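Below, each chain spelled out in residue letters.
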Amino acid sequence: MDQIINDIDIISPEEAACETVKISKESNNPTARKMYIESYGCQMNFSDSEIVTSILKKDGFDTTSSYEDADLILLNTCSIREKAEQTVRHRLGQFQTVKKRKPEVLIGVLGCMAERLKSKLLEEEKIVDLVVGPDAYRDLPLLVGQAEEGEKGVNTFLSREETYADISPVRLNSNGVTAFISIMRGCDNMCSFCVVPFTRGRERSRDPYSIVAEATQLFNDGYREVTLLGQNVDSYKWSHLENNKARLEKEGIEDVVNFAHLLEMVAKVHPDLRIRFSTSHPKDITDEVLHTMKKYDNICKYIHLPVQSGNSAVLDRMNRTYDREWYINRVDAIRRILGEDCGISSDMIAGFCNETEEEHQDTLSLMDYVIYDFAYMFYYSERPGTLAAKKYVDDVPLEVKKRRLQEIIDKQRLHALERNQRELNKVHTVLIEGASKKSELHLQGRNSANKVIVFPKEQFKKGQYVEVLVKECTGGTLLGEAVK
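Residues numbered from 1 in each chain as written. Predicted model: local features only at pLDDT ≥ 70, side-chain atom pairs only at ≥ 80, totals over all residues. Heavy atoms only, no water.

Peer 1: Mind laying out the side chain of arginine 335, listing which residues take part and the relevant values?
Peer 2: Among the secondary structure elements, arginine 335 is positioned in helix 14 (residues 324–338). The contacts of arginine 335, once residues within four sequence positions are left out, are Glu340, Cys342, Ile344, Val370, Ile371 and Arg419. (Helix = DSSP H or I, 4+ residues; strand = E, 2+ residues; numbered from the N terminus. Contact = heavy atoms within 4.5 Å.)

Peer 1: Just give me the short version of the nonpolar core, but keep the residues and values in it.
Peer 2: Membership of the largest hydrophobic core comes to 70 residues, with the highest contact counts inside it found for Ile183, Leu228, Phe259 and Ile303. The leading source of residues in this core is helix 14, at seven residues. Residues in contact with phenylalanine 259, not counting those within four places in the same chain, are Ile183, Leu228, Val233, Asp234, Tyr236, Phe277 and Val289. One finds Ala70, Val109, Met113 and Ile127 within the second-largest nonpolar core, a separate group that totals 23 residues. (Core = buried A, V, L, I, M, F, W, Y, C linked by side-chain atoms within 4.5 Å. Buried < 20%, exposed > 50% of the residue type's maximum accessible area, 1.4 Å probe, protein only.)

Peer 1: Outline the environment of valine 105, listing residues and values.
Peer 2: Position of valine 105 among the secondary structure elements: in the loop between helix 4 (82–101) and strand 5 (106–111). Remark: the alpha-carbon pair of valine 105 and glutamate 148, spanning 43 residues in sequence, is separated by 8.9 Å. Sequence-distant contacts of valine 105, that is, excluding residues within four places in its chain, are made with Ala70, Asp71, Leu72, Ile73, Val98, Lys99 and Asp129.

Peer 1: Tell me about the sheet that holds strand 19 (residues 439–446), residues and numbers included.
Peer 2: Ordered by their spatial adjacency, five strands build a closed barrel running 18-19-20-22-21, and the pairing between neighbours is mixed. Averaged over all neighbouring strand pairs, the angle between strand axes comes to 55 degrees, with direction disregarded. Relative to strand 20 (residues 452–456), strand 19 runs antiparallel, the two sharing five bridges. The residue bridging glutamine 444 from the neighbouring strand is valine 454, located in strand 20. (Pairing = 2+ DSSP bridges. Axes fitted to C-alpha atoms, helices over the stretch in contact; angles between N-to-C directions.)

Peer 1: So what's going on with the state of the cysteines? Which residues, and what values?
Peer 2: Scanning all chains against the criterion turns up zero disulfides. This cysteine, cysteine 42, is not joined by any disulfide, and cysteine 78 carries the nearest cysteine sulfur, 6.3 Å off. Overall, cysteine 42 belongs to the partly exposed group, its relative accessible area being 32%. Unpaired in this structure, cysteine 353 has its nearest cysteine sulfur neighbour in cysteine 191, at a distance of 14 Å. Since its relative accessible area comes to 0%, cysteine 353 is described here as buried. (Disulfide = S-S within 2.5 Å.)

Peer 1: Talk me through the pairing of strand 16 (residues 343–350); I want residue IDs and the actual numbers.
Peer 2: Counting buried positions along strand 16 yields eight of eight residues, so the element is predominantly enclosed. Neither face of strand 16 is open: one carries Gly343, Ser345, Asp347 and Ile349, the other Ile344, Ser346, Met348 and Ala350, and all of them are buried. Here strand 16 runs beside strand 17 (residues 374–379); their pairing, made up of six bridges, is parallel. Bridging across to strand 17, methionine 348 finds its partner in methionine 377. Once the chain exits strand 16 it traverses helix 15 (residues 357–370) before rejoining the sheet at strand 17, and the crossover so formed is right-handed. (Right-handed = clockwise from strand over helix to strand, strands pointing away.)

Put into structure tokens, the structure is as follows:
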């Protein structure tokens, strides 16, 4: 078993949070024009890149994994932290060598950074030919054509209806077992630290029947797990009359499909299709959703429930619209309805504007109350244009932010190990996702609570369900042997 521990890839929470870059795969069409897509940030961006690929494939492009071989280079960007934008700018600088060698190659910036900076990007980054926001991907063939004629292509219009429901994504980085399904776009929350409402627009929910159809097709194609994606999945609301949540509520339309209904619809596709979802918002997650999760074995018992801070005053400054007591109430409901084995993960921000030492201690004490299985942890980075940038002073010194973040990380490492130790000597149903990252002699997959489990390969194959007895653990991984 010691050898297994040496072979597996153990990633700390903070390292996992930074592992957020994906590139397009190599295609087998030698005659097509080649596009290279590099995606940063959240799973929504990765899902969007699959939509972009589908649109451009119909226009004669195919993918490549080498930007040096590409006719079109696209960066699908994130703006949630300053470091993400700096990474993209650095990457654009690296692409200058390609542009000098092949002046005809087109370079485009997609996504949230494109939406935030708009045509300003063309002034600041001279090699950029295209700037396209998240709701304008249908225009990419037209914009590419304009750029090929020497005219810069820009479309950062934010839609109130676009959901790309009719487009079948091209799975770029798929393992053939798990896939993402986008169920909604945009965000109506105005968290003071966040740029998403300004870069992705208002909430729009996708037609549930198109979601079920996509899940059904994925299952028929051999996939065995789907993750339903949205900035705030719990606020999913759709009616055949309206898909824009704000207008739907303003008009008082009551005949709607909510998130609990959608979960049930997708769960009924097939009992062997696992369902996950991300991300939940503490103000919106309902007991109805929790009871639906309990009702269906194939809805995974895992919830990503970002708290951001454990102090009510800080949460108020963040405009999270819930307080510490409300969050604890939701955690208690999860434990009451779904049990202690349900996995709970979170996001936490250290050193938000005006945060005192006492307020920071409230975050640590909340962590002790919940005992998260996993967490994404950052120190606060002011983003231009947000409510926090307009209303508050970023006055917590960097060294204090880093120290507080380290205290959060240290505590989470202990909690992750504690949660994993609860799984020792228990049998878990694991969906095999492939070989262990550091050993072809072992396979890995996840249980219902989203915990990675590594075990000897034997005769098992990717895409199978297998029962695994957990014998050892680290803070990031469970280690065991198949029992049948």
